[in-house]
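Residue-level structural notes
Spelled out from the first residue to the last, the chains are:
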Amino acid sequence: MVVLGIETSCDETGIALVGEHAQVLAQAVHSQVDMHREYGGVVPELASRDHIRRVLPLLEQCLHAAGLARTDIDAIAVTVGPGLAGALLVGASVGYALGYALRVPVVGIHHLEGHLLSPLLATPAPTFPFVALLVSGGHTQLMRVDDFGSYVLLGETQDDAAGEAFDKTAQLLNLGYPGGPAVSRLAEFGVPDAHRFPRPMLHSGDLNFSFSGLKTAVLTKLRATSNVCEQTRADIARSFVDAVVDVLVAKSLAALRATGLSTLVVAGGVGANQQLRARLEDTAQKNQLKVYFPPLELCTDNGAMIAVAGLARLRTNPPPPTTTFAVQPRWPLAA
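This report concerns the structure included in the present document. (Residues numbered from 1 in each chain as written. Predicted model: local features only at pLDDT ≥ 70, side-chain atom pairs only at ≥ 80, totals over all residues. Heavy atoms only, no water.)

1. Section: the nonpolar core
Counting 43 residues, the largest nonpolar core has Phe211 and Phe240 as its most contacted members. Of all the elements in the fold, those that place two or more residues in this core are β6 (130-135), α5 (162-172), α6 (180-187), α7 (212-224), α8 (230-259), β9 (263-267) and α9 (274-286). Ranked by the residues each element gives to this core, the list is headed by α8, at 14 residues. If we ignore the near neighbours within four places in the chain, the residues touching Phe211 are Thr140, Thr157, Asp159, Asp160, Ala161, Ala162, Ala165, Val244, Val247 and Leu248. (Core = buried A, V, L, I, M, F, W, Y, C linked by side-chain atoms within 4.5 Å. Buried < 20%, exposed > 50% of the residue type's maximum accessible area, 1.4 Å probe, protein only. Helix = DSSP H or I, 4+ residues; strand = E, 2+ residues; numbered from the N terminus. Contact = heavy atoms within 4.5 Å.)

2. Structural notes on the pairing of strand β3 (residues 24-31)
The pairing of strand β2 (residues 12-19) with β3 spans seven bridges and is antiparallel. The residue bridging Thr13 from the neighbouring strand is His30, located in β3. Between β2 and β3, which pair antiparallel in sequence order, lie four residues; one of them, Ala22, sits at a positive phi of approximately 65 degrees. (Pairing = 2+ DSSP bridges.)

3. Brief notes about the layout of surface pockets
The space that makes up the second largest pocket amounts to roughly 290 Å³. Lining the second largest pocket we find 16 residues, and of these Val80, Tyr96, Val107, Gly108 and Trp331 sit closest to its centre. At three residues, strand β5 (residues 106-110) tops the list of elements feeding residues into the lining of the second largest pocket. Here the residues of the lining of the second largest pocket sort into ten nonpolar, four polar and two charged. (1 Å grid on protein atoms, 1.4 Å probe; cavity = no way out; pocket = protein on both sides within 12 Å on 5 of 7 lines; lining within 4 Å. Points joined across faces, edges and corners; volume = space filled by probe spheres on them. Nonpolar A, V, L, I, M, F, W, Y, C, P; charged D, E, K, R; others polar.)

4. Re the packing of α8 against α9
It is the contact of α8 with α9, at a shortest axis distance of 10 Å, that shows an interaxial angle of 40 degrees. Comparing the axis directions of α8 and α9 gives the class oblique. Crossing handedness for the pair α8 and α9: right-handed. For the pair α8 and α9, contact is made by Val241, Asp242, Val245, Asp246, Leu248, Val249 and Leu253 and by Gln275, Leu276, Arg279, Leu280 and Thr283, respectively. (Axes fitted to C-alpha atoms, helices over the stretch in contact; angles between N-to-C directions. Parallel < 35°, antiparallel > 145°, perpendicular 65-115°, else oblique. Left-handed = near helix turned anticlockwise from the far one by under 90°.)

Next up, the structure:
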């Protein structure tokens, strides 16, 4: 079986062809970062228009790379939510139209389920059950995952997501857009414990998060500093990153204890953060736990994760033939 994955939920057009054993046959991703940078964030209308231009050429690129024809596609998985409505409609329109033309099944995929299952593309891959830390620009959640489609929400952010806090801190430090990678790189030159920022909800007694206060702490520190030189900015970045990582690691450990599980899976764009990866790997080793990350190139939005989620859905609950579809800009993954 060859599954085509299509991802257009926000500002990356992702196309991938995945085989029946979750092997990536070919993939291509076009990022819109350069286009949105001058606006300081994603412009939905521009994002949608760019997806229209990119999706079919990327499909042809993947088919050529895999040595396949369109008629070799056995099923299609496409992101139908959550995300930007216009961007979702581009991918869904192409996916369902192509499925109708090829007479193959099409399955609509939850964007976060794609991220959640992306570590299955790694070698070695995790096995169920596990606790998942979904951490990205729009989401910070802890979930118990018992099987494909069996997700229980353990905790989530009450305001800003971790990735959103990274982007806002980057703006405060004049690092541009997107901010997460820039903040992490700058933090490498910072002095540990130069500033003591709060660890929001670290002792809340639950598995929820909050990062808006941390962003405010950065703003307050900058306003109180008369000479913001390059080293000062690096120190602030380091203290900010350390605070975020402390909270994410502590809450992840608490989730593992609460569930009695010993495997943590990290997914989402912030999963590429080197400080977070290093701390979680060290913590897992000290506590005899297992931690899995998707390959770095699959941390951001991509078609391969959607194809893998589609492969699982097709095996467990194949969809009936349909000529209609809908997108869901807001769509909770678990209760």
